[in-house]
Amino acid sequence: MQEEESLIYRIQKGDNEAFNQIYESYFDRIYRYIVFKTGNRNDAEDLTQQVFIKAFKAIPKYRWKGLPLSAWLFRIAHNQIVDYLRKETKRSTLRLNEVMATSNSNPVTTVERNFDAQSLNMAVKQLTKAQQQVLSLRFAGEMSILEVAKVMGKKPGAIKALQHSAIVSLRKKLSVVKY
Amino acid sequence: MANKEFENLLDVCLERLLSGESVEQCIEQFPEQARELRPLLELASMIKATSAIQPSQEFRAKARFELQSVLKGKYKDRSTLTKMPRWVTVSSLIMGLLLLFSGAIITSANSMPESPLYAIKLLTERVNLTMTLDSVQKVQYQSELADRRISEIVYLADKGNTEFMELTNRRFEEQLTALALLIATIPSSDINVPGQPLSMMAAEPSEGAANVTERAIDEEAERDIEVEKTGLEASLQQDAIENEATIRACIADAPLNIKEVLLTTLNISITGYAEIMQAFS
């Protein structure tokens, strides 16, 4: 946390190298989180770019209050996704199965993975918004329970309960999707 | 096993799974719960595999290049003073000098609602708010005032002064409502075309050079507003979380009569900040 505070201080003083460090640390996680939430790899690339450009421009006004920087960055990403989904409601999008297909060369494994990813994607969409948010931040954003709690403005205990209920509920929904 | 205990245990296993251990390795430590844990961890492992998507090398390189061009000065944040018209700067300086030499005003700055100097504090806040012309700075100042009201409520709760707590609650509510209204008045833009990176939005080859420049300036200004709004939203989100935590901590230690007033504060805070967040959309 102290290291993050000093990085923010350096960026606010004009040190771009400090911003590069933040960019390298969070780039993959933000990208995965956006892919998980949008299911569209191409658009996720543009959205990831926009998150970092927005963060860079907004950071001079960032007030350090002891919250991890990840909470702030994922909040920007979340807002970008909300805007994107609002605009995309009428447009058909590629989903996770297509995303997976482009990243695996073995056809047998690809088919199996596609089936899993497609079922998973369908089942995740049936969860509550809070459950979806916990899974995406935890698994794609690779955040700790504490970080998820900060992003969602809830207590860690509540996040653990949501995490549990999300997986249990997802399991039930997947058994319906598959059979 | 109690639900809470199981949730904690599942979380320990998920943490290990996310850091690279297998389902079997995670379960090994909890043989008694293995039957219940295994299906959940197997599913978690599937979610982890599905979401483990790496950005392509091509995208990585393109993204880095575009970011570097932004970092190398296409965007320069102007200081608050240079953004203001000169007359505002001058009158602010005069106001600053007046404030500096006015002992009563200075003393009142830290006064609490039960103090006779508190009225001067409120007046100074109102003058400062009127003097702030920039809408974003106005929001920032108004949010600072809301934070002040919370500090005052905590102080009064400690003193057991419910009468002044109720008064300050009303002021806190007014300040949050004013904040939501102020946010709604900040101009909004909608210029980010999905699927088109910012660097590609600078110019249209079919338009005349003057039009292109004008449009680029307008878009840059609109983008600045959006950026400022994003910063504000994140900062107010932090305020909401922290103020709520402060009130809850205060409730935990308070006697019953104080607790009741603090519950109203909590309710005002939750509802007020929810409205503020809504004002951003």
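Rules used in this analysis
Residues numbered from 1 in each chain as written. Chains lettered and ligands numbered in written order. Predicted model: local features only at pLDDT ≥ 70, side-chain atom pairs only at ≥ 80, totals over all residues. Heavy atoms only, no water. Phe/Tyr/Trp six-rings, centres within 6.5 Å; stacked < 30°, edge-to-face > 60°. Helix = DSSP H or I, 4+ residues; strand = E, 2+ residues; numbered from the N terminus. Buried < 20%, exposed > 50% of the residue type's maximum accessible area, 1.4 Å probe, protein only. Contact = heavy atoms within 4.5 Å. Buried area = accessible area lost by both parts, 1.4 Å probe. Salt bridge = Lys/Arg side-chain N within 4 Å of Asp/Glu carboxyl O. Polar contact = N/O pair within 3.5 Å; in protein donor to acceptor, adjacent residues only side chain to side chain. Axes fitted to C-alpha atoms, helices over the stretch in contact; angles between N-to-C directions. Parallel < 35°, antiparallel > 145°, perpendicular 65-115°, else oblique. Left-handed = near helix turned anticlockwise from the far one by under 90°. pLDDT = per-residue confidence, 0-100.

Topic: the packing of aromatic side chains
- Per the stated rule, a full pass over the model turns up eight aromatic pairs over all chains.
- Centre to centre, the rings of Phe19(A) and Phe56(A) are 5.1 Å apart; their planes meet at 65 degrees, and the pair counts as edge-to-face. Placement of Phe19(A) in helix H2 (residues 16-38) and of Phe56(A) in helix H3 (residues 41-58) is noted, with a sequence separation of 37 residues between them. Side by side, Phe19(A) and Phe56(A) carry an identical accessibility label, which is buried.
- Cluster of aromatic residues (ring-pair linked, three or more members): Tyr23(A), Phe27(A), Tyr31(A), Phe52(A) and Phe59(B).

Describing the interface of chain A and chain B
- Residue-level contacts link 62 residues of chain A with 65 residues of chain B.
- When chain A packs against chain B, the two sides together hide about 5,900 Å² of surface, and 62% of this comes from carbon and sulfur.
- Broken down residue by residue, the surface that chain A buries against chain B is led by Lys57(A), Lys61(A) and Phe139(A), which jointly contribute 12%.
- Put simply, chain A and chain B have five salt bridges between them.
- Of the charged contacts, one joins Glu233(B) and Arg75(A) as a salt bridge, the two residues approaching to 3.7 Å between their closest N and O atoms.
- Viewed at the interface, chain B and chain A are joined by 11 residue pairs in polar contact (both at pLDDT 80 or more).
- If you list the elements that add at least two residues to the side of chain A that touches chain B, you get H2, H3, helix H4 (69-88), helix H5 (96-101), helix H6 (107-125), helix H7 (129-140), helix H8 (145-152) and helix H9 (156-178) of chain A.
- With 13 residues, the top contributor of residues to the side of chain A that touches chain B is H3(A).

Focus: the packing of H7(A) against H8(A)
Residues and elements named next belong to chain A.
- Packing of H7 against H8 leaves a shortest axis separation of 10 Å and a crossing angle of 135 degrees. In terms of axis orientation, H7 runs oblique to H8. Crossing handedness for the pair H7 and H8: right-handed. Residues Ala130, Gln133, Val134, Leu137 and Arg138 of H7 form the contact with H8, whose own contacting residues are Ile145, Val148, Val151 and Met152.

Focus: the confidence of the model for chain B
All names here are of chain B.
- Chain-level statistics for chain B give a pLDDT mean of 78 and a share of 75% at 70 or above.
- Per-element confidence in chain B is highest for helix H1 (residues 3-18), whose mean pLDDT is 91, and lowest for helix H5 (residues 80-83), whose mean pLDDT is 48.
- Note that residues 74-82 has pLDDT below 50 and, in this model, 11 contacts with residues that lie over four places away or in other chains.
- For the stretch residues 189-207, pLDDT sits under 50, and the model shows 34 contacts to residues farther than four places along the chain or on other chains.

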